[in-house]
Amino acid sequence: MKHYIMIIACCLFNITYGQNCNYKLSGNVRDFHDGSAITGATIYIETLDRYTTSNIEGNYTIENLCKGLLILEVSHLGCETKRIEVQINGDTQYEINMEHHIEELNEVKIDASGNPKLTKTSQETQLKTKTLERFSAFSLGDALKQVSGVSSINTGNTIVKPVINGLHSSRIVVMTNNVRLQDQEWGIEHAPNIDLNSAGHINVIKGANALAYGGDAIGGVIVLKPKTISLKDSLYGKTILGAQSNGSGYNVSSSLTKSWKKGWYATGQGSYKRFGDFETPDYYLTNTGMNSKGLSLNTGFETFEKGFNIFYSYLNNEIGILRASHIGSVEDLVNAINSQEPFVKDDFSYDINAPRQEVTHQIIKADFYKRFKKFGRLEVQYDFQNNQRFEYDVRVGDDRDKPALDLTLKTHTIKSDLKIDSKTNAIYKFGVNASLQNNFANPDTGVRRLIPDYDKYDFGIYAVSDFKLGDNTNLDVGLRYDFNRIDAKKFYRTSRWEERGYDEDFADIVIDDLGTQLLTNPVLTYHNVSASAGITHQFNAHNSVIFNYGLSNRAPNPSELFSDGLHHSAARIELGDLRIKQETSNRIGASYLFKNEKLSLNLESFLNHINDYIFIKPTGTELTIRGAFPVWDYVQTDALLYGLDVSANYKFNKQWFLNNKTAFIKGRDLTEKEALIDIPAFKTVNSIGYSNKKWLNFNAELQSELVLEQNAFPDNNFEVFIPTTEELVLLDISSPPPTYHLVHFESDITVKLSKKTDLNIGLNITNIFNTSYREYLNRLRYFADDLGRNFMLQLKLNY
C-alpha cells in the first residue's frame, strides 16, 4: 500500500513540476475615448492575489503565469473600476481600456458659478431635486418661476404655461427624458403635460443656442431628466405626502428603484393630486378644482460602453375652469370687467363641471447607445406620443356632456445623435431627426372645429462643435436645418373665405364647393436655418463672462394658420391666417458671473430682434347664434425684446443668507411703434434665510415678492354695442392690474429614522397677509382675484 501511495505522489509531483508557469501577460492601459496612456492604474490579479501598476507610458507586465483563466480588477482615480477575464494559453498581449472622463456619463458640465450645465456658452440654470420636491403638488410652470427671467401665463392657477424672457408656447421646446413634448402646445390655455414628480432635475436654457433640441426654440429650451440611477446592487425609494389649506388639496407621489451592479435597473413612479375650489381672500373660485393622475416606468441597462432604455409615461389631468369666466356674449365680458367680484360664487366643492378640460398624454420611448473606442458615442431613439384633449363648454340638452373640442394628436419620432469626443480640446456633435404627426379633430362635437385635421412632417439635421481654447476659454458653434410640411383638410365658411380674401390668393386649394362651405387642402412647406455661436471666458477663480448669438427660424403652428371659430375655453373667436410666414429671431446674450466665499452674482442680459413676430390681438367683435364675442386675429410684425435677469446670493456666515432674483423685460412692436402685448411686468423677489444643521437640519426662508404694474402695453380697447341698454360702451381688455406685494415663508427639518431612512417635514405659507391682487398674465384676471393665503404641509420619506 505504501508503494502505491509513493507512486501516486511522484506522479503528481512530476505533473506539477512539468507545468509551464513562465507565461507573461503584458499590454497597456489606455483612455477609452482618446487613447491616451493612463499612468498608475492599479491591476489586482484576483486569482493570484497579486498587484501591479501601469507605468508612465501606461504599460504593465505580469510574469510567472500558468495556463488558465485570470481575473483582473483594474482601478484608477477618476475611472470606473473594471473587472476583466483573460484566458492565458501562452505569452499574451491585452489592452485595457478605461474611461478617464467618467463624469461625462451624465453629459453635464459645471460652470464658473458651480451649477451643472448641459451647454457651456448658453444662459442656463438648473433646478435640482430638492427644489422640485417642494413643488410636488404644483405644475412645471410653477417650479420654473424659481429661475430669474422665467414667468408664466396662466388660465387660473392650475393651467400654467412657462414664459422665458417674454416668449412662450411654440417658441419654447420642452424635453422630457430626451423626448420633445408634443401636446398641442400652441394653445395659450394648454399647459405642458408634465408630471413634475417624474423629473430628477430641470435645466432651463434661454435663447436658441441649444440646437441639438430644435431650431425653433426662439424663447428657450426646458430639459427635464430623470434622477441619476446609482449602478450598484441597491433598492431605494421616496414617498412624498402633501396637504394644503387653499383648495383643501392633497397629493401623494412615490417612486421605487431597483439597480444592479452589472448595469441593469428598473424604476416605477406614480403620483396623484386632488384639489377642490381654490379661494381668494374674499370668496371661493367656483369650479377651479383639479384631479391629476401620473405614472412612469423606466427600465434598461447602462454601462459606459453601451446601454439601452425603455420608458413609458401616462398623465391624466382633469381641470376645472372658473365658472364665472364662461361668458355668453361681449356684454357679459363688459359686465365682468366692470365688476369687482365674479358673478358665480358658490360654496366650496370638489366637483369639476363645465367649463373644464380633460387631457391625457402618453409617451413610449426606446433608445440604444454605444461608445466606440477612440471615437465617440452613437445613440438611436424612437418615441411615440399620444395626446387626447377634451374641452367642455357649458351646454344644455343632449349636448350637455359632449365636448366642444375633441383633438387627438399622435406623433412618431426617430432620431440619432453622434458625439465625437476622442480629442480633449474639441467635441463634435451631429444629429438627425424625423417625425410624423397626425391631428384628428372629431367632427361629432356639434361645434365648428377650431383646428382642422392635418398631417405634419418634420425633418432636421444639425452639427455643433465645442472647442477648448486654452484652460479658461471655450467656443461653441452650431448649424441646423429643419424642414416642415403641413398637409391639412379644412372646411371654411364661404363668407369667411371671401371676407379674408382667400378666394383670390388660395383658389387653387379648394377641393369641394358645398355652397355655404368650402373644403380646402392647404399644403404648406417651410425651410428653416438656425445657427449659434458662443464663447465663455474665466478671468480668474471669481470672474467669468459669456457672450452668445443665436439665429432661429420658427414655422407657424396650426393655430396661427388655421384657427377659425369660437375657442370656448378662451371665450373668444380666434382667426388664423394662411398667409403667415415663419418667424426669424436674432438674439444676442451677454452674462457676467462673480463668485467668492460670500457673494455669488449672475447678470444675464439679452436683445432679441424677431422679424415677422406672430401674435394674437383683439380686433373687434362678431355676432354668433350665442351672442357677440371678441374677435382675436393672428397677425405679424417686427418685434424687439430686451431685458436683464439678476440672481444674487450673499452669505453672512454659515447660517444666514440673502437672495435676490430680479427680471426686467421690455417688448416693442417696431411696426406699430408701441408695446407688445403680454409682456411680463418688472418682478423682484428678495429673501432672507437661516439654516442650522444641529437643529435637525433646520432651514427657514422669508420671501418678499414685488411685481410692479405693467405700464408698457398696447391699447387694444374698443367700443361695443350693448343691446340691453342700446349704448356704445368701452371694452377695456388692455389695462393691466396695479402693483402688488406678497410675502411667503418656507421651512423644513429632516429627522433621521434609521441608517438608510430619513423623514423631511416641510411647512410653507404663501401670501401670508392674504393680499388681494390680480396678475397681468393671468387670463382670468378679468373675472376674479388671484389666490389668497395658503398653508402647505409636506412629508418626504427617503428609504
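Since this is a predicted model, take the numbers as computed values, not measurements. (Residues numbered from 1 in each chain as written. Predicted model: local features only at pLDDT ≥ 70, side-chain atom pairs only at ≥ 80, totals over all residues. Heavy atoms only, no water.)

**Student:** Tell me what's going on with the overall build of the protein chain, and back it up with residues and numbers.
**Tutor:** When helices and strands are tallied, the protein chain shows seven helices and 49 strands. Relative to the 2.2 N^0.38 estimate, which gives 28 Å for 799 residues, the radius of gyration of the protein chain is 31 Å and therefore close to what a compact globule would have. Seen along its three principal axes, the alpha-carbon backbone of the protein chain occupies a region of about 130 × 65 × 60 Å. For the protein chain, the proportion of its 799 residues judged to be buried stands at 54%. Within the protein chain, contacts between residues separated by at least 24 positions form 65% of all contacts whose residues are at least 6 apart in sequence. About 35600 Å² of surface is accessible on the protein chain, with carbon and sulfur atoms providing 56% of the total. Across the protein chain, the mean location of the 84 positive side-chain charges is 9 Å away from that of the 96 negative side-chain charges. (Helix = DSSP H or I, 4+ residues; strand = E, 2+ residues; numbered from the N terminus. Rg over C-alpha atoms; globule rule 2.2 N^0.38 Å. Buried < 20%, exposed > 50% of the residue type's maximum accessible area, 1.4 Å probe, protein only. Contact = heavy atoms within 4.5 Å. Areas by Shrake-Rupley, 256 points an atom, 1.4 Å probe, with all protein chains shown as cover. Lys, Arg positive; Asp, Glu negative; His and termini not counted. Charge placed at Lys NZ, Arg CZ, Asp CG, Glu CD.)

**Student:** Can you lay out the sheet that holds strand 3 (residues 50-53) for me, pointing to particular residues and giving the numbers?
**Tutor:** Strand order in this open sheet of four strands is 3-2-5-6, and the pairing throughout is antiparallel. Each end of this open sheet is capped by a strand with a single partner; those strands are strand 3 and strand 6 (82-88). For this sheet, the mean angle separating the axes of adjacent strands, direction not counted, is 25 degrees. When strand 2 (residues 42-45) meets strand 5 (residues 68-75), the two strands line up antiparallel, connected through four bridges. From the neighbouring strand, Thr42 faces strand 5, where its bridge partner is Ser75. (Pairing = 2+ DSSP bridges. Axes fitted to C-alpha atoms, helices over the stretch in contact; angles between N-to-C directions.)

**Student:** Before we move on, can you summarise the environment of Asn28 with the specific residues and values?
**Tutor:** Tracing the sequence through the fold places Asn28 in strand 1 (residues 23-31). For the pair formed by Asn28 and Gln340, sequence separation is 312 residues and the distance between their alpha carbons is 79 Å. Not counting residues up to four positions away in its chain, the partners in contact with Asn28 are Gly58, Asn59, Tyr60, Tyr94, Glu95 and Ile96.

**Student:** Outline the domain arrangement of the protein chain, listing residues and values.
**Tutor:** If you check the domain split of the protein chain, you get domain 1 (2-100), domain 2 (105-222) and domain 3 (223-625 + 633-798). Using C-alpha coordinates to define each centre, domain 2 is positioned 8 Å away from domain 3. The interface of domain 2 with domain 3 comprises 81 residues on the first partner and 118 residues on the second. Both faces combined, the contact of domain 2 with domain 3 buries some 8400 Å², and carbon together with sulfur accounts for 51% of it. Our count for the domain 2 to domain 3 interface comes out at seven salt bridges. In this structure, Lys796 engages Glu133 in a salt bridge whose closest nitrogen and oxygen atoms are separated by 2.5 Å. For the interface between domain 2 and domain 3, the tally reads 46 residue pairs in polar contact (both at pLDDT 80 or more). Looking at the side of domain 2 that touches domain 3, the elements with two or more residues in it are strand 11 (123-127), helix 2 (129-134), strand 12 (150-155), strand 13 (159-164), strand 15 (172-176), strand 16 (179-180), strand 17 (201-206) and strand 18 (220-225). The class makeup of the residues in the side of domain 2 that touches domain 3 is 28 nonpolar, 37 polar and 16 charged. (Domains from an automatic or database assignment. Buried area = accessible area lost by both parts, 1.4 Å probe. Salt bridge = Lys/Arg side-chain N within 4 Å of Asp/Glu carboxyl O. Polar contact = N/O pair within 3.5 Å; in protein donor to acceptor, adjacent residues only side chain to side chain. Nonpolar A, V, L, I, M, F, W, Y, C, P; charged D, E, K, R; others polar.)

**Student:** Break down the side chain of His190 for me, citing the residues and quoting the values.
**Tutor:** In this structure, His190 sits in the loop between strand 16 and strand 17. Contacts of His190, omitting those with residues within four sequence positions, involve Ile159, Lys161, Gln184, Arg389, Glu391 and His567.

**Student:** I'd love a proper account of the pattern of salt bridges, names of residues and values included.
**Tutor:** Applying the stated criterion across every chain, the model contains 38 salt bridges. Note that Glu622 is salt-bridged to Arg496, the shortest N-O span being 2.9 Å. Separated by 126 residues along the polypeptide, Glu622 in strand 39 (residues 599-624) and Arg496 in helix 5 (residues 494-499) bring together distant segments of the chain. In the salt-bridge network here, residues are joined through shared partners; they are Lys490, Arg493, Arg496, Glu499, Asp564 and Glu622.

**Student:** Please provide a residue-by-residue account of the sheet that holds strand 16, values included.
**Tutor:** Read across the sheet, five strands follow the order 11-17-18-15-16 without closing on themselves; strand pairing throughout is mixed. Looking along the sheet, the strands with just one partner apiece sit at the ends: strand 11 and strand 16. The pairing of strand 15 with strand 18 spans five bridges and is classified as parallel. Its bridge partner being in strand 18, Ile172 is matched across the sheet by Gly220.

**Student:** Outline the pairing of strand 31 (residues 473-493), supporting the account with residue identities and numerical values.
**Tutor:** In this structure, strand 30 (residues 453-468) lies alongside strand 31, joined through 16 bridges in antiparallel fashion. By the bridge assignment for strand 31, Val464 is matched with Gly478. With antiparallel pairing between neighbouring strands as the criterion, strand 30 and strand 31 make up a hairpin whose turn holds four residues, including Gly470 at a positive phi of roughly 90 degrees. Here four bridges tie strand 31 to strand 33 (residues 517-520), and the two strands are oriented antiparallel to one another.

**Student:** An account of the packing of aromatic side chains is needed here, citing residue identities and associated values.
**Tutor:** Inspection of every chain in the model, using the stated rule, returns 23 aromatic pairs. Where Tyr650 meets Phe652, the ring centres are 5.1 Å apart and the plane angle is 85 degrees; that geometry is what we call edge-to-face. On the accessibility criterion, Tyr650 (32% relative accessible area) is partly exposed. Sitting over the face of the ring of Phe372, Lys370 holds its NZ or CZ atom 5.7 Å from the ring centroid. Taking NZ or CZ as reference, Lys490 lies 4.8 Å from the ring centre of Tyr492, over its face. (Phe/Tyr/Trp six-rings, centres within 6.5 Å; stacked < 30°, edge-to-face > 60°. Lys NZ or Arg CZ within 6 Å of the ring centre and 35° of its normal.)

**Student:** Give me the lowdown on a nonpolar patch on the surface, citing residues and values where you can.
**Tutor:** A cluster of nonpolar side chains, contributed by Tyr549, Ile588, Leu607, Tyr642, Leu644, Phe664, Phe682 and Leu708, occupies part of the molecular surface with about 630 Å² of accessible area. With respect to the secondary-structure elements, Leu607 resides in strand 39. By relative accessible area, Leu607 is classed as partly exposed at 38%. (Patch = residues over 30% accessible without salt bridge, like charges linked within 9 Å, V, L, I, M, F, W, Y side chains within 5 Å.)

**Student:** Can you explain unusual backbone geometry? Please cite residues and give values.
**Tutor:** Here the residue pair Ala354 and Pro355 is connected by a cis peptide bond, since its omega of 0 degrees sits within 30 degrees of zero. Turning to its location among the elements, Pro355 is positioned in the loop between helix 4 (330-338) and strand 26 (356-372). One non-glycine residue, Ser169, adopts positive backbone phi at about 60 degrees. Take Ser169: it is sitting in the loop between strand 14 (167-168) and strand 15.

**Student:** Account for the side chain of Gln123, naming residues and giving values.
**Tutor:** Topologically, Gln123 is positioned in strand 11. The class for Gln123 is buried, based on a relative accessible area of 2%. Side-chain polar atoms of Gln123 contact the side chain of Arg587, separated by 3.1 Å. Only 3.4 Å separates the side chain of Gln123 from the backbone oxygen of Ala590, close enough to count as a polar contact. Look past the residues within four positions of Gln123 in its chain and what remains in contact with it is Val204, Ile205, Lys206, Asn548, Arg587, Gly589, Ala590, Ser591, Glu604 and Ser605.

**Student:** Tell me about the pairing of strand 25 (residues 306-320), and please be specific about residues and values.
**Tutor:** Pairing between strand 24 (residues 290-302) and strand 25: 13 bridges, direction antiparallel. Note on strand 25: the bridge partner recorded for Leu295 is Tyr314. Taking the residues between adjacent antiparallel strands as the criterion, strand 24 and strand 25 are bridged by three residues. With 15 bridges connecting them, strand 25 and strand 26 associate as antiparallel partners. Its bridge partner being in strand 26, Ile310 is matched across the sheet by Ala366.

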